[in-house]
Amino acid sequence: CGVKTLDYYLERSRVSGAPSGERNFHIFYYLMAGASAEERGHMHLSDKTQYRYLGARAPMVGRGGPGENDDAVRFEQLKVALKNVGFSKRHVAQTCQLIAAILHLGNIDIQHRRDVKDAIIDSKTDSALAKAMDLLGINAEQFARATTKKVIDARGEKYESARTVDQAVGVRDGVAKFIYNSIFDWLVRRINESLGEGRGTGITSEEGSSEGEHRPE
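Computed from a prediction, not measured in an experiment: that's the story for all the values here. (Residues numbered from 1 in each chain as written. Predicted model: local features only at pLDDT ≥ 70, side-chain atom pairs only at ≥ 80, totals over all residues. Heavy atoms only, no water.)

**Q** Hey, could you run me through the packing of aromatic side chains in this one?
**A** The description of an aromatic ring pair uses the distance of the two centres, along with the angle that the planes make with each other. Taken as a whole, this structure holds 3 aromatic pairs when the rule is applied. Centre to centre, the rings of Phe25 and Tyr180 are 4.6 Å apart; their planes meet at 15°, and the pair counts as stacked. In this pair, Phe25 is assigned in the loop between strand S1 (7-11) and helix H1 (26-34) and Tyr180 in helix H7 (residues 165-195), connecting sequence segments 155 residues apart. The class of Phe25 is buried, set by a relative accessible area of 0%. On the accessibility criterion, Tyr180 (6% relative accessible area) is buried. Between Phe28 and Tyr180 the ring centres are 5.8 Å apart and the planes differ by 35°, which places this aromatic pair in the tilted class. Pair noted here: Phe28 is in helix H1 and Tyr180 is in helix H7, with a separation of 152 residues, a long-range link. (Phe/Tyr/Trp six-rings, centres within 6.5 Å; stacked < 30°, edge-to-face > 60°. Helix = DSSP H or I, 4+ residues; strand = E, 2+ residues; numbered from the N terminus. Buried < 20%, exposed > 50% of the residue type's maximum accessible area, 1.4 Å probe, protein only.)

Here it is as structure tokens:
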């Protein structure tokens, strides 16, 4: 008989920052601890303390939490598990690339113009923007503009209006959450297809704000 995944709640708000004292989604730490030197170079990864979305927290060793060695082992276990349900090396690599892009998105520096509240991203010097856009295949200047400007349609005429810093941060974080949610939905769909959706029990994807046992690994 086939298998279908069970209801699972994705706490999207956690992507842009976990509550104090908690880790973000485990996959971020698995990737940081388990990626090879070649993979880290390709994904432009540095130490995990450098990423805003990870809160620059030290490993929770000694408090019942996993350390880097555990995360590295689980990263390898995850790759084996994905292979066993039909994911190719290319799909796994592309998924990791998107996860890395999310981390870089969180480090994009959004400032305000001098003497005004208008948000600005320096698309020529922001290294996090360059890294994220390289992994996503998006033009950095266009992303910076879309993040800091909004298009208003007034009686058929369109014009641009500057966002505030808080609004631009919301756009940046919203993109990161959207990417993570899309990855999650795609993984669930592919796993269901591999295991024979509709002929048994398993996991379906739902958005929610619940914590604890519903939070995906």
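**Q** Explanation requested: H1 in the structure shown.
**A** At 3.6 residues per turn, the α-helix brings residues three or four places apart onto the same side. Most of H1 sits out of view: 8 of its 9 residues are buried. Regarding H1, the residues found buried are His26, Ile27, Phe28, Tyr29, Tyr30, Leu31, Met32 and Gly34.

**Q** Quick question: what am I supposed to make of the packing of H1 against helix H4 (residues 89-106) here?
**A** In helix packing, the relevant descriptors are the interaxial angle and the interaxial distance, both defined with respect to the helix axes. Between H1 and H4, whose axes approach to 10 Å, the crossing angle comes to 105°. By the criterion of interaxial angle, the relationship of H1 to H4 is roughly perpendicular. Residues Ile27, Phe28, Leu31 and Met32 of H1 lie in contact with H4, whose contacting residues are Cys96, Ile99, Ala100, Ile102 and Leu103. Residues that form the contact of H1 with H4 fall into these classes: 9 nonpolar, no polar and no charged. (Axes fitted to C-alpha atoms, helices over the stretch in contact; angles between N-to-C directions. Parallel < 35°, antiparallel > 145°, perpendicular 65-115°, else oblique. Contact = heavy atoms within 4.5 Å. Nonpolar A, V, L, I, M, F, W, Y, C, P; charged D, E, K, R; others polar.)

**Q** Can you walk me through the side chain of His91 in this structure?
**A** With respect to the secondary-structure elements, His91 resides in helix H4. Residue classification places His91 among the buried residues on the basis of a relative accessible area of 16%. Contact partners of His91, with chain neighbours within four places excluded, come to Trp186 and Arg190.

**Q** So what exactly am I meant to see when it comes to the packing of H4 against H7 here?
**A** Closest axis-to-axis distance for the H4/H7 pair is 9 Å, and the angle between their directions is 160°. The orientation of H4 relative to H7 falls into the category roughly antiparallel. Of the two possible hands of crossing, H4 and H7 adopt the one that is left-handed. Counted together, His91, Thr95, Leu98, Ile99, Ile102, Leu105 and Gly106 of H4 and Arg172, Val175, Ala176, Ile179, Tyr180, Ile183, Trp186 and Arg190 of H7 form the full contact between these two elements. Taken together, the residues that form the contact of H4 with H7 break down as 10 nonpolar, 3 polar and 2 charged. (Left-handed = near helix turned anticlockwise from the far one by under 90°.)

**Q** Help me understand helix H3 (residues 68-84), please; the structure alone is not making it clear to me.
**A** Relative to the 24 Å expected for 17 residues at 1.5 Å per residue, H3 spans 24 Å between its end C-alpha atoms, a close match to the ideal helical length. All of the buried residues along H3 are Asp71, Phe75 and Leu82. What you see down the axis of H3 is that its buried residues fit within an arc of 50°, all on one side. Away from the buried face of H3 by more than 90 degrees, exposed residues Asn69, Lys83 and Asn84 are located. Where the residues of H3 are buried, they touch H1, helix H2 (37-42), H4 and H7. Gly86, located one to two residues past H3, shows a positive phi value of around 105°. (Expected span 1.5 Å × (residues − 1). Arc of directions from axis to C-beta.)

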